[in-house]
Every structure is written in C-alpha cells, then in structure tokens.
Amino acid sequence: AAPSRWRAPLPAVAEAVEWRPAAGGAEWGTLELSGSGEAWRTEVVLVRFAPERFDLQLASAYTPSGIRPDWAIDRAPDDAALAFNAGQFRAGTPWGWVVREGREQEPPGRGALSMALVVTPSGAVRLLREDSLGALPADSVRLAFQSYPTLLQGDGRVPASLARPGAGVDVAHRDSRLALGQLRDGRLLVAITRFDALGGALDLLPFGLTTPEMAALMGALGCRRAVLLDGGISGQLLLRDAGGGEHAWRGLRRVPLGLVVTPRPP
C-alpha cells in the first residue's frame, strides 16, 4: 500500500539498503522484495549518484535515416561508472524527445504521463514533465530524452492514472522494471528489478512489479520525481564498483538509446 503523495522516504525500505561505494563516488546496493504472483522473489539493484560529479552522454546508433536499435551495455566505454538503456521505443526507434550535444534528433512526444531527463550546458540535471518542455530556451538543453509513464510527479505525488484501472495505464501487468528518479537532495537514483529464483538462473524472465508498485518503491526510497524506462527484456544496467569491478544485468534485446555516466576529472 502506498500514499497518494510521498512526503518522505519509508524507513523500512530506505534503511534496508546497504550502500556500497561505486566508481566516481556513486553508490550501489540491493533490495530483496516479496510480492504476490510473479513478484514472489524480486531483487532490486539500485545506483545513486550526484550528477554534478559525472558527465552524462547519450549513446546510440544514429544514422541519417534515424536511430537504429543497436545499443547494449556491452558497448559502454571502459571509463563508464554506469550505463543503462534510456527511454522507451517503438518499432526500433526512440519514443519522444532526443537531444544530443544541443542538437535535436527527435521531436518531443506528447503525453500527460511523459517525463524528460534534461541536462543543461552547465551540467545541471532535471526531470521535467511534458507540459514544462515548451518553456525551455533552445540553448538551455545539451542532452535530453523522454520516457513514460511518470511514476512520481514533482512533489512526490503518484499520478491518479496509477491509482485505478482503466485510466490509460495497465496497473496489473507484472514485468521486470527499470526506473530513473531524482531524490530530494538532487541525486539521481536508478533502479532495475530482476526475478530472483534458483540463484539468479532465471533473472532474465520478465517477472516483477506492477507500475503502481514501482511508483511505491521509488517513493519509499525517497524520490520526489521518477519515471519508468523500457524494462522487460530490454532492461539492462552496467555499473563499476570503487575497485573497478564490473557488475552487469543484461537484457535480451538491443535498444536505440543508452545513457552513459562517466566520472568527471577531480
């Protein structure tokens, strides 16, 4: 059960994570959850980091005819602290807004439950709802991508569409999930879920949380804003720990976009 608005983290969840150091000053940890049905054994891998300490770049297979679904975490550079698939896609191309190095490659998508990650030329990072994008000056965006559905709106509110069936979101479907959120102190939080049975042998099965349950998880962890990214067999995440060790949760499908997070020089 979750409130309609998260005003603070839920201690029973947030304090259950044992955070460990990752490359560049990021942190990572895991949670074990038990739910109903296919979610009876769910592992959540979490990474949190202060965006001002990292450089964020979009990786894609871009051609003059569009962006091809040809990216996977195995293509992340050796100096990446973190990499994961970005946004949602349709027919092998990204859904919604894509901006790289200040150049718009795909126009904004329209949808009340869409949200965009926006990085300014100075490196500031924001998660913005679709209705806020039109007010952005053209020269204020270095990087951006869009995704849906929104899990938490700007003040920690859970969208009403996630509270009842038939409002545009399948609230009962279970799947492996990938989400991006922003904590109250400005750090970004990435969460990926895996079915946790038989010692991880079945972790690529697309079993896991519902969309409302994912909203509840991100709120319980302290996010004020959060959005789902493409999960299921597309969801994938790579991180490097403080000692340089690589930890990978792979997907079964290549995707059009990846977000690569690299530590900035000291």
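Just above, that's the structure.
How each quantity is defined
Residues numbered from 1 in each chain as written. Predicted model: local features only at pLDDT ≥ 70, side-chain atom pairs only at ≥ 80, totals over all residues. Heavy atoms only, no water. Pairing = 2+ DSSP bridges. Helix = DSSP H or I, 4+ residues; strand = E, 2+ residues; numbered from the N terminus. Contact = heavy atoms within 4.5 Å. Axes fitted to C-alpha atoms, helices over the stretch in contact; angles between N-to-C directions. Salt bridge = Lys/Arg side-chain N within 4 Å of Asp/Glu carboxyl O. Buried < 20%, exposed > 50% of the residue type's maximum accessible area, 1.4 Å probe, protein only. Phe/Tyr/Trp six-rings, centres within 6.5 Å; stacked < 30°, edge-to-face > 60°. Lys NZ or Arg CZ within 6 Å of the ring centre and 35° of its normal.

A look at the sheet that holds strand E1 (residues 20–21)
Argument step 1. If you walk across this open sheet you meet the 7 strands as E1-E2-E3-E16-E15-E17-E14, and the pairing is antiparallel. Each of the sheet's edge strands pairs with one partner strand only, and the pair in question is E1 and strand E14 (150–152).
Argument step 2. Where E14 and strand E17 (residues 223–229) come together, 2 bridges link them in antiparallel fashion. Across the sheet, residue threonine 150 finds its bridge partner in E17, namely valine 227.
Argument step 3. This element, helix H2 (residues 211–220), spans strand E2 (27–33), strand E3 (42–49), E14, strand E15 (178–183), strand E16 (188–195) and E17 of the sheet and lies at about 40 degrees to E14.

Examining the pattern of salt bridges
Argument step 1. One pass over the structure, following the stated rule, counts 15 salt bridges.
Argument step 2. Salt-bridge contacts for aspartate 196 lead to arginine 41; the nearest nitrogen and oxygen are separated by 3.9 Å. Pair noted here: aspartate 196 is in the loop between E16 and H2 and arginine 41 is in the loop between E2 and E3, with a separation of 155 residues, a long-range link.
Argument step 3. With a relative accessible area of 37%, arginine 41 lands in the partly exposed category.
Argument step 4. With a closest N to O distance of 3.5 Å, arginine 75 and aspartate 70 form a salt bridge.
Argument step 5. Salt bridges linked by common partners bring Glu27, Arg48, Asp185 and Arg187 together as one network.

What about H2?
Argument step 1. Among the 10 residues that make up H2, 8 are buried, leaving the element largely enclosed by the rest of the structure.
Argument step 2. Among all positions of H2, only Thr211, Met214, Ala215, Ala216, Leu217, Met218, Gly219 and Ala220 are buried.
Argument step 3. Where H2 terminates, the next one or two residues include glycine 222, which has phi positive at roughly 105 degrees.

Considering the packing of aromatic side chains
Argument step 1. Per the counting criterion, the structure on display carries 3 aromatic pairs.
Argument step 2. Taking 4.9 Å as the distance between ring centres and 75 degrees as the angle between the ring planes, the aromatic pair formed by tryptophan 95 and tyrosine 148 counts as edge-to-face. Of this pair, tryptophan 95 sits in the loop between strand E8 (93–94) and strand E9 (98–100) while tyrosine 148 sits in the loop between strand E13 (143–147) and E14; the two residues are 53 residues apart in sequence, bridging distant segments of the chain.
Argument step 3. Exposure remark for tryptophan 95: the relative accessible area of 11% places this residue in the buried category.
Argument step 4. The ring of tryptophan 28 is capped by arginine 20, whose NZ or CZ atom sits 4.0 Å from the centre of that ring.
Argument step 5. Seen from the ring of tryptophan 19, arginine 48 lies directly overhead, with NZ or CZ sitting 3.9 Å from the centre.

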